[in-house]
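Coordinate inspection notes
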Amino acid sequence: MSYQPLLMNFEEAAELRKALGTDSLMGKALARDIKQTDAYMTQVGIEVPGHGEGGGYEHNRHKQNYIHIDLAGRLFLITEEQKYRDYIVEMLTAYAKVYPTLESNTSKDTNPPGKIFHQTLNENMWMLYASCAYSCIYHTLDEEQKALIENDLFKQMIDLFVVTYGHDFDIVHNHGLWAVAAVGICGYAINDQESVNKALYGLKLDKVSGGFLAQLDQLFSPDGYYMEGPYYHRFSLRPIYLFAEAIERRQPELAIYQFNDSVIKTTSYAVFKTAFPDGSLPACNDSSKTISINDEGVVMATSVCFHRYEKAETLLAMANHQQNVWVHSSGLTLSNAVEAADEIKPFNWGSLYLTDGSQGEKGGLGILRHRDNQDDDTMALIWFGQHGSDHQYHSALDHGHYDGLHLSIFNRGHEVLHDYGYGRWVNVEPKFGGRYIPENKSYCKQTVAHNTVTVNQKTQNNFNTALAESKFGEKHFFDISNDKLQGMSGRISGYYDGVHMQRSILLAELPEFEKPLVVDVYRIQSEAEHQYDLPVHYSGQIIRTDFEYQTEATLKPLGESDGYQHLWNLGSGSVEDSSLVSWLVNNSYYSLVTSANKDSEVIFARLGANDPDFNLRSEPAMIMRQTGKDHVFASVLETHGYFNEEFEQSVNARGLVESVGVVGNNDIATVIQINMTTGKTYCFAISNLSEDEQQGQHSVEFAGQTFSWEGSFGLV
């Protein structure tokens with residue numbers, strides 16, 4: 001069989017050629033890539049810089065080099081313009097002439113260094129993309145050119161990964177995925193099947209101890225969730241799809257897309273389904289706040305899933321949101337389908353529960369979604385899975401955050417109650433060279449940085465990674481059988497000594513309210529007395545409260561450690577029975593009403609204390625504080641009203657929820673009451689029984705009143 005490029009054969013390239021100059025998604029993608037590649041080729045030319053720090057000039061130049069030779073490879077096949085072929089030949093030849101002479105770079109973390117980058121991860125990425133480019137021009141090269149590029153560049157890089165750093169090659173981890181995909185794709189590109197086999201089956205060739213098949217088999221939960229969270233998960237999609245496409249074309253007998261019950265589809269959908277309605281991905285663990293479904297790996301996955309698995313309307317909607325497709329035959333299939341569609345509504349994956357752990361045994365992630373008549377989505381997310389680190393790879397590579405039972409809420413186009421995400425200056429040369437900032441550990445990872453309860457102003461699991469890795473939450477219930485009243489609940493125990501926590505979230509569509517109420521019932525049990533803090537991280541401007549508070553004339557941090565040292569104490573007020581805080585963000589008002597006992601306190605805080613390098617964003621927070629043994633924080637978040645400064649319009653700024661109280665709490669159930677300004681009340685019951693005891697009819701008596709419902713929760 002004659003040589004064919006790895007990811008696009010000549011016939012497919014001819015079909016893609018027809019999209020040049022069109023207004024389709026594929027046409028736009030090609031125009032963008034041509035403009036970008038031509039500009040880079042003209043302005044930069046051929047440059048192979050030396051060593052530099054992570055995120056610095058040299059790092060970025062090497063990175064841009066591999067990005068653009070990869071683009072040039074596909075553009076050569078599609079446009080048949082010789083300049084793209086010549087550019088790749090010159091670039092690869094320039095690297096081949098210097099690579100054998102290079103010393104190892106200086107590692108900036110626990111990841112071992114490459115010869116051109118400070119960590120092998122980037123070197124893997126370089127080789128993977130360079131190999132894709134090489135396969136696009138292979139048929140145009142003479143034997144002398146092939147020998148130079150293969151012997152002095154690619155074979156030496158393969159040797160670096162499978163011999164020098166062979167002890168890392170078989171590690172099941174998202175970095176490991178890049179390593180095996182890089183070696184496998186390079187092996188295919190230079191016709192080295194022995195290296196391909198190592199990439200597929202591991203250095204022992206046993207399909208278990210390492211290799212791509214072991215990665216696919218062991219890295220994800222049965223629902224496809226990856227323990228480090230969507231940010232790192234979406235990063236894994238690129239090597240998965242690039243290698244899978246190469247395997248499907250070179251070794252179709254492996255049926256890679258059907259492997260392990262189509263795990264490639266399952267794990268892709270797990271990323272898709274976690275996205276907020278604006279396409280951004282939730283910040284579970286160390287995560288950027290700006291990564292979304294527009295990410296290159298997600299775009300690839302959307303195109304291939306539509307092409308190879310199912311012509312689903314939700315995938316069409318994702319592509320329409322992305323306004324992008326992969327420049328590949330699968331992207332052409334999706335582009336054509338978008339162009340042919342009459343109407344495409346915003347994407348919506350509905351409510352779902354994703355298990356965590358390789359057997360689905362380590363808690364998970366719950367998501368409730370509600371779409372109204374205006375196609376506006378409300379989404380609530382709670383996380384109670386395993387600690388998001390991967391210690392088996394490198395001891396210091398801990399991406400996990402200490403935030404069991406964290407809550408995020410999204411509606412009207414933005415994240416209303418939000419997670420900070422990671423503290424990192426990515427590829428910003430003057431500031432930490434793209435590395436994680438010190439405050440990532442001292443604040444971002446700490447429990448108080450998240451919307452979940454801290455005990456005695458300490459972080460869960462004593463901020464100890466090994467201890468945290470031994471713990472995980474469990475699902476208490478997840479029921480979406482009623483569109484108007486959906487519920488999810490998780491439990492964690494021992495994250496603080498002797499303290500048990502259960503958090504239940506209801507999304508309740510009620511006739512009087514503009515949007516579903518988010519009902520949050522956070523139940524804490526302990527035999528000893530503690531201080532319980534429930535932080536609430538929001539954006540916007542405080543409008544009003546229903547309690548008196550005092551502001552601080554002199555700013556001091558809220559504490560000395562565990563993240564509290566970074567929060568300024570702006571003011572506080574004592575509350576009894578219930579507290580209401582209302583704020584404005586964009587064009588919407590939000591009111592958070594929380595139950596309180598005697599001696600409850602609401603603290604207003606702002607991030608930025610003990611931050612000498614101004615690394616942290618200045619963001620507001622509220623802390624609901626209570627001292628006691630057992631306690632229930634019952635909260636209701638109401639979205640209401642409209643504000644337009646330009647036209648001086650304000651409607652329904654006050655909201656309808658007046659107060660929230662806990663009617664009763666015992667081993668059977670917790671019952672809360674929502675009191676409205678109209679005098680009407682709503683009561684909800686949350687089952688505290690084990691999951692296998694929740695079905696059927698239930699009743700509980702508090703203060704002489706009997707409350708009855710069916711199932712895990714109910715309107716009573």
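Refer to the structure presented above.
Notes on the structure follow. (Residues numbered from 1 in each chain as written. Predicted model: local features only at pLDDT ≥ 70, side-chain atom pairs only at ≥ 80, totals over all residues. Heavy atoms only, no water.)

Turning our eyes to something else, we now look at empty space enclosed by the protein. In total, this model carries seven cavities of 30 Å³ or more according to the counting rule given. Residue lining of the second largest cavity: 14 residues in total, with Leu407, Leu417, Asp520, Leu592 and Ser635 positioned closest to the centre. Breaking the lining of the second largest cavity down by element, the ones donating at least two residues are strand 4 (406-411), strand 10 (517-526), strand 11 (530-537) and strand 19 (631-640). For the lining of the second largest cavity, the residue count by class is ten nonpolar, two polar and two charged. (1 Å grid on protein atoms, 1.4 Å probe; cavity = no way out; pocket = protein on both sides within 12 Å on 5 of 7 lines; lining within 4 Å. Points joined across faces, edges and corners; volume = space filled by probe spheres on them. Helix = DSSP H or I, 4+ residues; strand = E, 2+ residues; numbered from the N terminus. Nonpolar A, V, L, I, M, F, W, Y, C, P; charged D, E, K, R; others polar.)

Pairing between sheet strands relies on hydrogen bonds along the backbone, with the strands arranged either parallel or antiparallel. The five strands lie next to each other as 1-2-3-4-5, forming an open sheet whose pairing is antiparallel. Only two strands of the sheet have a single partner each, and these edge strands are strand 1 (352-355) and strand 5 (414-417). For this sheet, the mean inter-axis angle between neighbouring strands, taken without regard to orientation, is 20 degrees. (Pairing = 2+ DSSP bridges. Axes fitted to C-alpha atoms, helices over the stretch in contact; angles between N-to-C directions.)

The next point concerns the sheet that holds strand 19. Overall, antiparallel pairing links the eight strands, which are arranged 7-8-9-10-19-16-15-12 in an open sheet. Every other strand in the sheet has two partners, leaving strand 7 (474-479) and strand 12 (541-545) as the edge strands with one partner each. Going from strand to strand, the sheet's axes swing by 15 degrees on average, the running direction of each strand aside.

With the rule as written, the count across this model stands at zero disulfides. Cys284 supplies the cysteine sulfur nearest to Cys444, a cysteine that is in no disulfide, at a spacing of 15 Å. A relative accessible area of 0% places Cys444 in the buried class. (Disulfide = S-S within 2.5 Å. Buried < 20%, exposed > 50% of the residue type's maximum accessible area, 1.4 Å probe, protein only.)

This brings us to helix 3 (residues 57-79). For helix 3, which comprises 23 residues, the first-to-last C-alpha distance of 31 Å matches the rise-based estimate of 33 Å (1.5 Å per residue) to within 8%. Of the residues flanking the end of helix 3, it is Glu80, one or two places downstream, whose phi is positive at about 65 degrees. (Expected span 1.5 Å × (residues − 1).)

Time to look at the packing of helix 2 (residues 25-43) against helix 3. The contact between helix 2 and helix 3 brings their axes to 9 Å, and the two run at 125 degrees. It follows from the interaxial angle that helix 2 and helix 3 lie oblique. Seen from above, helix 2 lies across helix 3 with left-handed handedness. In this structure, helix 2 uses Leu30, Asp33, Ile34, Gln36, Thr37 and Tyr40 to contact helix 3, whose residues at the interface are Arg61, Gln64, Asn65, Ile67, His68, Leu71, Ala72, Leu75, Ile78 and Thr79. For the contact of helix 2 with helix 3, the class distribution of residues is eight nonpolar, six polar and two charged. (Parallel < 35°, antiparallel > 145°, perpendicular 65-115°, else oblique. Left-handed = near helix turned anticlockwise from the far one by under 90°. Contact = heavy atoms within 4.5 Å.)

Moving on, we come to unusual backbone geometry. One non-glycine residue, Asn456, adopts positive backbone phi at about 55 degrees. Examined against the element boundaries, Asn456 turns out to sit in the loop between strand 6 (454-455) and helix 17 (465-469). Among the residues examined, Asn456 registers a relative accessible area of 36% and is labelled partly exposed.

Within the secondary structure, Thr93 is located in helix 4 (residues 82-98). Residue Thr93 is classed as buried on the basis of its relative accessible area, which comes to 18%. Contacts of Thr93, omitting those with residues within four sequence positions, involve Leu148 and Ile149.

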